[in-house]
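Here is what each chain is made of, one letter per residue.
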Amino acid sequence: MAKENMYQMCNRHRGKAVMIRTKDGKEHRGIIQHVDNRQVYLQPMNGGRNLGGFGYGYGGYGYRGRGFGLGIALGAIATLAIVPFFFW
Amino acid sequence: MEKTYLDCLAAFGIGGAHPGGLQLTKKLLANERFDENMVVLDAGCGTGQTAAYLANEFDCQVLAVDLNPLMVEKATERLVNLQKDICIEVADVQSLSYEEGSIDVILSESVISFTNPTISIPEMTRVLKNNGKLFAIEMVLEQPLSADGRKEITEFYGMDQIWSVNEWMRAFLAAGLTIQSIEVPELETDNDDIETATDFSLSESIDETFHDILSRHVVLTENYKDQLGVRIFKCTK
């Protein structure tokens, strides 16, 4: 996918919990906080596994974000998907 | 002060923090027509997602209250941009400042469950007009829980009770309401729909405790998925 399109896509998903798979096969889960023309910044979270339409997390959080959180280069993104969550 | 599940929802700024989210709210209101003479109260409005939807979709006057000041702050941010007739304030649904018989419709989206329903239901009933409606999306006990399980859930969520459908019915009837319908909602989420995906209005820095609370919530809900269910109660005064 072209870099501009990924920028727009990330921007549209701002404030949503997403799973981003990078081209090296790694998965990153978090809430999109900020996007610039190079990177998307996630507030990391390890919750939200797609299970019957609900998001469920297992085993806590792998890493914690500070400031704009984890930056992922737009060019490195293979796929982006919304992570569903359930709240009372 | 110890941080609670509701504080966690506020810190993450979770929009539509109730079963089914905004998608279910839309479905619930699909056949409703609220005109400019009607007053609709979003009781426990959270970040104001439903209040914003009401104001955009209908010409009615929208009232929104939440007990959590951070939620009201985030809701206000969302709602000022709409430039609609919305009145939002910090208030307890167990003790509302509205006059008796002044509201046409009240929405409680997983809110009464977090209060003392024997106080909040009569209070909501008090402010409803005659023939006014209460729509409540609430947690119900589907199967008996062990004492330990009940304690774990109520302590974690800061609830006083987990009620069966019958217990809910008794409380609505005791407050003088008529129950029109009780539905089991469809809670499938559409993963591709950005608009209805859970919306997070994050605070600038989120305490580590809130990550732990979110994580624990997810595990608890999974562990007790057979015992805990959801109903939509539609009542009239």
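Predicted, not measured: the structure shown is a model, and the values here were computed from it. (Residues numbered from 1 in each chain as written. Chains lettered and ligands numbered in written order. Predicted model: local features only at pLDDT ≥ 70, side-chain atom pairs only at ≥ 80, totals over all residues.)

1. A few points about the interface of chain B and chain A
To keep it simple, the criterion reads: A residue pair is marked as a contact if its C-beta atoms, positioned from the backbone, fall within 7 Å. Per the convention used, a helix needs a DSSP run of H or I reaching at least four residues, while a strand needs a run of E reaching at least two, with both numbered from the N terminus.
On the chain A side, the residues contacting the 29 residues of chain B number 24 residues. The biggest single contributor to the side of chain B that touches chain A is helix α8 (residues 208-223) of chain B, with eight residues.

2. Let's talk about helix α4 (residues 69-80) of chain B
Residues and elements named next belong to chain B. Heads up, the condition is: In this scheme, a helix's expected span is set at 1.5 Å multiplied by one less than its residue total. Here a residue counts as buried when 20 or more other C-beta atoms sit within 10 Å of its C-beta, as exposed when there are 12 or fewer, and as partly exposed otherwise, the C-beta atoms being derived from the backbone. Taking the helix axis as origin, the arc is that swept by the directions to the C-beta atoms.
Over its 12 residues, α4 runs 16 Å from end to end, which matches the ideal 16 Å to within 8%, given 1.5 Å per residue. Within α4, the full set of buried residues consists of Met-71, Val-72, Lys-74, Ala-75, Arg-78 and Leu-79. End-on, the buried residues of α4 take up no more than an arc of 165°, which puts them together on one face. Seen from the buried face of α4, the exposed residues on the opposite side, beyond 90 degrees, are Pro-69 and Val-80. Looking at the buried positions of α4, the neighbouring elements they touch are α1 (5-12), α3 (49-57), β3 (61-66) and β4 (86-90).

3. Some details on the sheet that holds β4(B)
All names here are of chain B. In plain terms, the rule: Strands qualify as paired when DSSP identifies two bridges or more between them. Axis geometry follows a simple rule: fit a line to the C-alpha atoms, using only the stretch in contact for helices, then measure angles between N-to-C directions, giving values from 0 to 180 degrees.
With respect to topology, seven strands assemble into an open sheet ordered β4-β3-β2-β5-β6-β9-β7, the strand pairing being mixed. In this open sheet, the two edge strands, each paired with only one partner strand, are β4 and β7 (178-183). With strand direction ignored, the average angle separating the axes of adjacent strands in the sheet is 15°. Summarising the sheet, strand β2 (residues 39-43) and β3 pair through five bridges and their orientation is parallel. Bridge assignment links Ala-43 to a residue of β3, and that residue is Val-65. In the packing of α4 onto the sheet, the strands contacted are β3 and β4, and the crossing angle to β4 comes to about 160°.

4. So, helix α2 (residues 21-29) of chain B
Residue and element names in this part refer to chain B. Regarding α2, the residues found buried are Gly-21, Leu-22, Leu-24 and Thr-25. Seen from one end, α2 has its buried residues packed into an arc of 160°, which puts them on one side. Considering only its buried residues, α2 is in contact with α3, β5 (103-109) and β6 (128-141).

5. Points about the pairing of strand β1 (residues 17-22) of chain A
Residue and element names in this part refer to chain A. In terms of strand pairing, β1 meets strand β2 (residues 27-35) through five bridges, oriented antiparallel. Each residue of the ladder has a partner; that of Ile-20, found in β2, is His-28. The antiparallel hairpin formed by β1 and β2 contains four residues in its connecting segment, where Gly-25 sits at a positive phi of about 90°. Alignment of β1 against strand β7 (residues 77-82), held across five bridges, turns out to be antiparallel. Counterpart to Met-19 in the pairing with β7 is Ala-81.

6. What about unusual backbone geometry?
Residue and element names in this part refer to chain B. The backbone phi angle of Gln-83 is positive, close to 55°, even though this residue is not glycine. The topology assignment puts Gln-83 in the loop between α4 and β4. Positive phi is not limited to glycine here, since Asn-131 has a value of about 70°. Along the polypeptide, Asn-131 turns up in strand β6. The exposed category is assigned to Asn-131, around which 9 C-beta atoms lie within 10 Å.

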